[in-house]
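# Observations on the three-dimensional arrangement
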Amino acid sequence: MRIVGVVLLAVIATVACTNNPYPDGESAKKILFTSFSEPPKTLDPQVSYTTIDHVITGPVYDGLLQYHFLDRPYRLIPNLLETMPEPEPRADGRVVYRLRLRPDVEFHEDDCFAVGTPGARTRTVVADDAAFSIMRLADPEVNSPIAPNLVRLVGFEAFGQALAQRRKDDPAFAAKRIDRQYAEVGGIEGVTVTGPLELELALSEAYPQLRYLMAMEFMAPVPWEAIVWWNGEDGRDGFAEHPVGTGPYRLALYDKRSRIVLERNPRWHGALRPGAPGTVYPSEGAPGDRERGWLDPQYVGKPLPFVDRIELSLDGQDIPAFTKFLQGYYDASGVIEESFERMVKEGGLSPDMAALGMELDKAVIPAVYYIGFNMTDAVVGGAAGEKSRKLRQAMSLAVDSVEFARVFMNGRAVPAQTPIPPGVFGYDAAYVNPFRQPNLERAKQVLAEAGYPDGIDPATRRPLQLTFDTGDTSARGRLRYQFFVDAWSRLGLDVTIAATSYNQFQDKVRRGTYQIFMWGWVADYPDPENFLFLLWSKMARSQGGPNTANFENPDYDALFLRMRDLEDGPERTRLIDEMRTLLEQQRPWIELFYPETYTLTHAWVKNAKPLGMSYSTLKYRDVDGATRARLQTAWNQPVLWPAWVLLAGAIAVVAPAVVTLVRRNR
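None of these values were measured; they are calculated from a predicted model.

So, about the overall build of the protein. Along the backbone of the protein there are 23 helices and 24 strands. Principal-axis analysis of the C-alpha atoms places the extent of the protein at approximately 110 × 65 × 55 Å. Here the protein holds 666 residues, and 51% of them are scored as buried. Taking contacts inside the protein between residues at least 6 apart in sequence as the whole, the part at least 24 apart equals 70%. For the protein, the distance from the average site of its 73 positive side-chain charges to the average site of its 84 negative ones is 5 Å.

Spelled out as C-alpha cells, the structure:
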C-alpha cells in the first residue's frame, strides 16, 4: 500500500504543480493584488501617520478634500465637501472657513451603529461628525500627531486642556460616553456647527495650509458610535483595528500579520451619485498624461472605483516580493536595488522588461535631503561671521550630489538647488544655485578667502578639523558619509565621521554638540511653508523644533512669516525668491537631492500614475484580469520533469511487486 501511495503522490504532484498563491480563477477577476512590508501600526485616521497605515486607511476614509489625480503641481479639489472652502477674514483678525458636506454620504455598514439606533447598520454623515473628528484631534488621550498644526483653531488647545482636567477631577465624567464628554466640555470655540451639513472653522490668524490638513485623513469624519463600540472590550476590536469610514472601499479582512482584504463599498456616495470631483475619472491632467495613456477615453468620466477587491499580502523581504511581481502575482512594484540594472537601462525600462509589457513610471517625492551645519557651532556656525559663511560656501561647492545619487541611489534623485522640491509652489526648475554646482577650483578659492588656504587652519597650521555626526553605524552608511568626507578632503579639510547609535546622535542634537549632519524631510503637504519653516528661528532645534541647523536670521524670519500667510500668487513667489537668495549666500544647508520613486506595473494594470505622496489613488486603478491570468500562466509554466522522474521511479519500484502479486494469484 505504501508503494501505491507513492505512485498516487507522484501523479498528484505531476497534475497539480503550480506556484500560484491565489485560488483558481481569482487572477481573471477585478482584483488588485499587492503587498505590504510590515503590519500597520493603527487604522485610526486621527492618529495614523505612516505610509504603511495609509495604504489601508486611504481607501477606507474619505477626506474633506483630496488631490487631483493627474494634475501637477498638486491641486486640491473637494471630496466630502461640496466646494473648496475659501478664507473669510474678519475685523478682529480671525479667519473663518465655512464648510458644507455633500448630502447623503453614508458611513460603511457596521455593527457599531446599533449603539445609537437599535438595529441600525449605518447612517448619514452630518456636520457633527466632522466636528467630532476635530475634537478627537484635540483630545490628549487620542494623542494625534497633527494636533500642533491646529493651534490656530480658536479654542483648540483650551478644549484639550479642559477635557484633561475634567477627566482628572471627575472619574464619573471620564467614564461617560466620549461624545457626551466632548459636549459637556463645550466643544471647541472655533468649531461651530451651523446646520445639518454646515460648520464653520474660525482661526486666530491666517493659515492657508489648513486646506492641506483637510485633505489628510486626520480630519476625515468618524462616527462616535465606532469609538464607543470598538473599544477593545468584551472580545471586540479596538477602533485602531476596526475602521468605519466613508471611502470607496471597506475593510473585509484584517489579519495584519498575513493578509488584508478591502472590498468595494456598494454604498459609497460616488457609486450612488457619480459626477462630483473624485467620483469619476478625470478628463484633464498634466502634460504627457494623454500620451502615457492616463487620459484613455474608455476611462474618462467613468464612475470610480474600477476594481472590486484589493488583496494585500504581507511580504517583509524585498527580494521575495519582487520575485512574485516578476511572476505576475503582484500587479505593481518598486525597483529593488539588486535588480535595478536588469530593470532600467539609460533611465528607461530595459528592453527585456518592455517586451513583457511592463511600464516604468517615475515621480519626484515632495521631500528634500541635505547636509546641515549647526549654526550655533563656533567654527561652522553664525558666530564666526564671514569666515564661517565662506567655509560653508566652499564645502557646498565641493559636493557633487549628481555623483552621490549615481553611486548610492542608481540615479533615482533630482539634484536639489533649494529646499523646495518639484511639484510644490515656489519651485523654479530654471533656478541654478551658484553654490550647488560642483567646482573644486572655486571652492578652494572661497576657502582661502575664508582664511583656510588649502584647508589649513592658521591657528594650528594643520588641516582644519571638523566632525560629521551621524546616527547610522552601518557599513553602507559609512560609505555614504565617506563620499562627502572625501570631497572635502580634496579641499584639504580633515573631516571625521562620528557615527553613534541613533539615540546617542539624537542626544548630541539635543545638547547642541554637533557640527555637520545629514538629514531629510518628507512633506506633510505640498506647500512651500512646509519646507521653508525648517529654517525659521522659531523652529530651531535648540528650542525643540525641526530646524536642526539652528539657523536664525531676522530677515529670513520676516520673509517667512509674510510668505506663510499668503495664498499662492506673484507676491508669494517674490518672497520665496528673496528667501532663496538669502539661503544661497548663507549656506546653512548644502541641498543634496529630491528623491524619486520608480514604479513598475504590468501590462494589465491601468491608471497607475504615481502621486509621490502618501495618499491613496487606488480608486482610479483598474486591471485587465483576462490578460493577467493568461500571462501568469505563460510566465509560470510548472517544471514537471522532477515529478515525471519521480513517477517513473515509483513505477519501476512498484512494477515488480505487481508482477509478483499477479503471478502468486494465478
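Okay, back to it.
A few words on the pattern of salt bridges. Summed over all chains, the structure comprises 52 salt bridges. A salt bridge links Arg211 to Glu86; the shortest N-O distance between them is 3.6 Å. Here Arg211 is found in helix H7 (residues 210-215), whereas its partner Glu86 is found in the loop between strand E3 (76-78) and strand E4 (87-89), with 125 residues between them in sequence. Judged by relative accessible area, Arg211 falls into the buried class, the value being 10%. A relative accessible area of 48% places Glu86 in the partly exposed class. By sharing partners, the salt bridges in this structure join Glu26, Lys29, Arg259, Arg309 and Glu311 into a single network.

Turning our eyes to something else, we now look at the side chain of His68. Mapped onto the elements of the fold, His68 is located in the loop between strand E2 (65-67) and E3. Only 3.1 Å separates the side chain of His68 from the backbone nitrogen of Leu70, close enough to count as a polar contact. A polar contact of 3.0 Å, which involves the side chain of His68, links it to the backbone nitrogen of Asp71. The contact partners of His68, leaving out residues within four places of it in the chain, are Arg75, Ile77, Pro282, Glu284 and Leu611.

With that settled, consider the pairing of strand E19 (residues 465-470). Bridging between E19 and strand E20 (residues 494-499) involves six bridges; their strand directions are parallel. Within E20, the position partnered with Phe468 by the bridge is Ile497. One crossover worth recording links E19 to the parallel E20 by way of helix H17 (residues 475-489), and it is right-handed.

The subject of this paragraph is the packing of aromatic side chains. Enumeration according to the criterion identifies 39 aromatic pairs in this entry. Ring centres of Tyr22 and Tyr329 lie 6.3 Å apart, and the angle between their planes is 75 degrees; this geometry places the pair in the edge-to-face category. With a gap of 307 residues between them, Tyr22 in the loop between helix H1 (2-16) and strand E1 (31-36) and Tyr329 in the loop between helix H11 (318-326) and strand E11 (332-334) connect regions that are remote in the sequence. A residue is classified by how much of its surface remains accessible, and Tyr329, at 3% relative accessible area, is buried. Taking the centre distance of 6.2 Å and the plane angle of 55 degrees together, the rings of Phe468 and Phe484 count as tilted. Separated by 16 residues along the polypeptide, Phe468 in strand E19 and Phe484 in helix H17 bring together distant segments of the chain. Per residue, the accessibility class of Phe468 equals that of Phe484, and both read buried. Through successive ring pairs, a cluster of aromatic residues spans Tyr369, Phe404, Phe408, Phe468, Tyr481, Phe483, Phe484, Trp488 and Phe593. Its guanidinium or amino end placed over the ring of Tyr452, Lys387 lies 4.4 Å from that ring's centre, counting from NZ or CZ. A cation over a ring is seen here: Arg412 above Tyr598, with NZ or CZ 5.8 Å from the ring centre.

With that out of the way, let us pick up the environment of Gly569. Looking at the element boundaries, Gly569 is found in the loop between helix H20 (554-564) and helix H21 (570-586). Along the primary structure Gly569 and Gly426 are separated by 143 residues, whereas in three dimensions their C-alpha atoms are 9.5 Å apart.

This part covers the pairing of strand E21 (residues 516-522). Of all seven residues in E21, five are buried; the element is thus mostly enclosed. Bridge analysis of strand E15 (residues 367-373) against E21 gives seven bridges, and the strand direction is antiparallel. Looking at E21, one finds that Tyr370 is bridged to Trp519.

Another point: unusual backbone geometry. A cis amide bond, omega 0 degrees, links Arg72 with the succeeding residue Pro73. Here Pro73 is to be found in the loop between E2 and E3. Residue Leu304 is joined to Pro305 through a cis peptide bond whose omega torsion reads -10 degrees. Tracing the backbone shows Pro305 in the loop between helix H10 (289-292) and strand E10 (309-314).

Remark: helix H14 (residues 386-398) packs on helix H16 (residues 440-449), axes separated minimally by 8 Å, with the N-to-C direction vectors making an angle of 165 degrees. The orientation of H14 relative to H16 falls into the category roughly antiparallel. Crossing geometry of H14 relative to H16 is assigned as left-handed. Contacts between H14 and H16 involve Lys390, Leu391, Gln393, Ala394, Leu397 and Ala398 on the former and, on the latter, Arg442, Ala443, Val446, Leu447 and Glu449.

Glancing now at the sheet that holds E4. With respect to topology, four strands assemble into an open sheet ordered E4-E5-E7-E6, the strand pairing being antiparallel. Whereas interior strands pair on both sides, the edge strands pair on one side only; in this sheet they are E4 and strand E6 (191-193). Here the average twist between neighbouring strands, direction ignored, is 25 degrees.

This part takes up empty space enclosed by the protein. Following the criterion strictly, the structure yields two cavities of 30 Å³ or more and no others. Of the pockets and cavities examined, the largest cavity occupies roughly 270 Å³. Contributing to the lining of the largest cavity are 21 residues, with Gly58, Gln66, Asn79, Ser616 and Lys619 lying nearest its centre. Counting residues per element, the ones that place at least two in the lining of the largest cavity are helix H2 (51-60) and E2. Among the elements that make up the lining of the largest cavity, the one with the highest residue count is E2 (three residues).

Parameters and conventions
- Residues numbered from 1 in each chain as written.
- Predicted model: local features only at pLDDT ≥ 70, side-chain atom pairs only at ≥ 80, totals over all residues.
- Heavy atoms only, no water.
- Helix = DSSP H or I, 4+ residues; strand = E, 2+ residues; numbered from the N terminus.
- Buried < 20%, exposed > 50% of the residue type's maximum accessible area, 1.4 Å probe, protein only.
- Contact = heavy atoms within 4.5 Å.
- Lys, Arg positive; Asp, Glu negative; His and termini not counted.
- Charge placed at Lys NZ, Arg CZ, Asp CG, Glu CD.
- Salt bridge = Lys/Arg side-chain N within 4 Å of Asp/Glu carboxyl O.
- Polar contact = N/O pair within 3.5 Å; in protein donor to acceptor, adjacent residues only side chain to side chain.
- Pairing = 2+ DSSP bridges.
- Right-handed = clockwise from strand over helix to strand, strands pointing away.
- Phe/Tyr/Trp six-rings, centres within 6.5 Å; stacked < 30°, edge-to-face > 60°.
- Lys NZ or Arg CZ within 6 Å of the ring centre and 35° of its normal.
- Axes fitted to C-alpha atoms, helices over the stretch in contact; angles between N-to-C directions.
- Parallel < 35°, antiparallel > 145°, perpendicular 65-115°, else oblique.
- Left-handed = near helix turned anticlockwise from the far one by under 90°.
- 1 Å grid on protein atoms, 1.4 Å probe; cavity = no way out; pocket = protein on both sides within 12 Å on 5 of 7 lines; lining within 4 Å.
- Points joined across faces, edges and corners; volume = space filled by probe spheres on them.

Just geometry here; none of it tells us what the structure is for.
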